[in-house]
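In case you want the letters, here they are:
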Amino acid sequence: MQKRTVFLLQATKEVNEELCKLFLSDEKYEVVGMTNEGEKAIEMIMLKRPQFVITELVIGGYDGLMLLNKLRENKIETNVIVLSALCREEIIAQTISAGAKYFIAKPLNFAVLKARMDELSENKESHVESVISKYRAVTLEEKISKIFINVGIPPHIKGYTFLREGVKMAVENPEVINNITKQLYPSIGRKYNTTASKVERAIRHAIEVAWNRGRIETINAIFGVRAYVGQEKPTNGEFIALVADKMLLEKA
């Protein structure tokens, strides 16, 4: 099997090396080069002609948009995926317009990155459908993440990721809230290779962490209602429904 070649362009050597180790664990991919200098990256990409370039928006000597423009000027065909914590909608739109195939918000979920790369390799979607659907998905994911961080759910715990996935499912299909035990938890478990009971416990832990930080006024302000008082905590389903409802109202 021919490996999919990857070039890494991250802000620091340490981040490049960390990503490289992750790709080494998957036999479908081969890292053919990496640097944290934009100008050097152009030369190396022209030489190596990788199938994928994984870049940040802010890098030494260039920004991600300059890199995309340079690749286009030199007619270098490669799949550029941008990783960034700078997730304002106008930045995402500029990046996609400049030629990036995907924009993925940090903190990075490596499974999501590989899934997007698999889609590009297997041509599961047309280019236009891919750009539109993933642009919307990133925007929704960023909004959910912003709420979680504001209410005090730490991004590094498993419940953060599981909660975010649960909210996305509830936005796409509100009826899933009525079948949280038999449908939502098992679906998340299958995606992240774990059990439904572990998903439920991780989500419970994430909510308890947030409430134990005592940000009740912040929580009520975010949702626009005085939903909770004192130490009163929502159930997993109530919290997922509350965030999903906010997302749906903002889309309306």
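Placed above this text is the structure.
None of the values given here were measured: they were computed from a predicted structure.

So, how was this worked out
- Throughout this document, residue positions are counted from 1 along each chain, in the order its sequence is written.
- With pLDDT at 70 or above as the cut-off, local features in this predicted model cover only qualifying residues; side-chain atom pairs require 80 or more to be listed or tallied, and sums for whole chains, interfaces and linings still use all residues.
- Only hydrogens and water are set aside; all other atoms, that is, all heavy atoms of the structure, feed into the side-chain values.
- Strand pairing requires that DSSP identify at least two bridges connecting the strands.
- Runs of H or I in DSSP of at least four residues are treated as helices and runs of E of at least two as strands, each being numbered from the N terminus.
- Lines fitted to C-alpha atoms define the axes, with helix axes restricted to the stretch in contact, and inter-axis angles between N-to-C directions lie between 0 and 180 degrees.
- Contacts are assigned to residue pairs that have any heavy atoms within 4.5 Å of one another.
- Think of it in three bands: with a 1.4 Å probe and only protein chains considered, a residue is buried below 20% of the maximum accessible area for its type, exposed above 50%, and partly exposed in between.
- Throughout this description, any angle smaller than 35 degrees is read as roughly parallel, any larger than 145 degrees as roughly antiparallel, any in the 65 to 115 degree range as roughly perpendicular, and the remainder as oblique.
- Each residue is assigned to one of three groups, with Ala, Val, Leu, Ile, Met, Phe, Trp, Tyr, Cys and Pro labelled nonpolar, Asp, Glu, Lys and Arg labelled charged, and all others, Gly among them, labelled polar.

Trainee: With reference to specific residues and values, describe the sheet that holds strand 2 (residues 29–35).
Mentor: The strand order 2-1-3-6-7 describes an open sheet built from 5 strands, whose pairing is parallel. Because the sheet does not close on itself, it has two edges, and the strands there are strand 2 and strand 7 (102–105). For this sheet, the mean inter-axis angle between neighbouring strands, taken without regard to orientation, is 20°. Sheet topology places strand 3 (residues 52–56) next to strand 6 (residues 79–84); 5 bridges connect them, and they run parallel. Opposite Glu56, over in strand 6, you have Leu83 as the bridge partner. Contacts from helix 3 (residues 64–73) reach strand 1 (4–9), strand 3 and strand 6 within the one sheet, and its direction differs from that of strand 3 by about 150°.

Trainee: Break down the environment of Ala105 for me, citing the residues and quoting the values.
Mentor: Mapped onto the elements, Ala105 comes out in strand 7. Ala105 gets classed as buried once you look at its relative accessible area, which sits at 11%. Sequence-wise, Ala105 and Glu142 are 37 residues apart; in three dimensions their C-alpha atoms are separated by 6.8 Å. Excluding its chain neighbours within four sequence positions, the residues that come into contact with Ala105 are Ser84, Cys87 and Glu142.

Trainee: Which residues make up the packing of helix 7 (residues 158–172) against helix 9 (residues 196–212), and what values go with them?
Mentor: When two helices pack together, you describe them by how their axes are tilted relative to each other and by the distance separating the axes. Contact pair helix 7 / helix 9: the axes reach a minimum separation of 8 Å and the direction vectors enclose 105°. In this view, helix 7 runs roughly perpendicular relative to helix 9, as classed from their interaxial angle. From helix 7, Lys158, Gly159, Tyr160, Phe162 and Leu163 reach across to helix 9, where they touch Lys198, Val199, Ala202, Ile203, Ala206 and Ile207. For the contact of helix 7 with helix 9, the residue count by class is 8 nonpolar, 1 polar and 2 charged.

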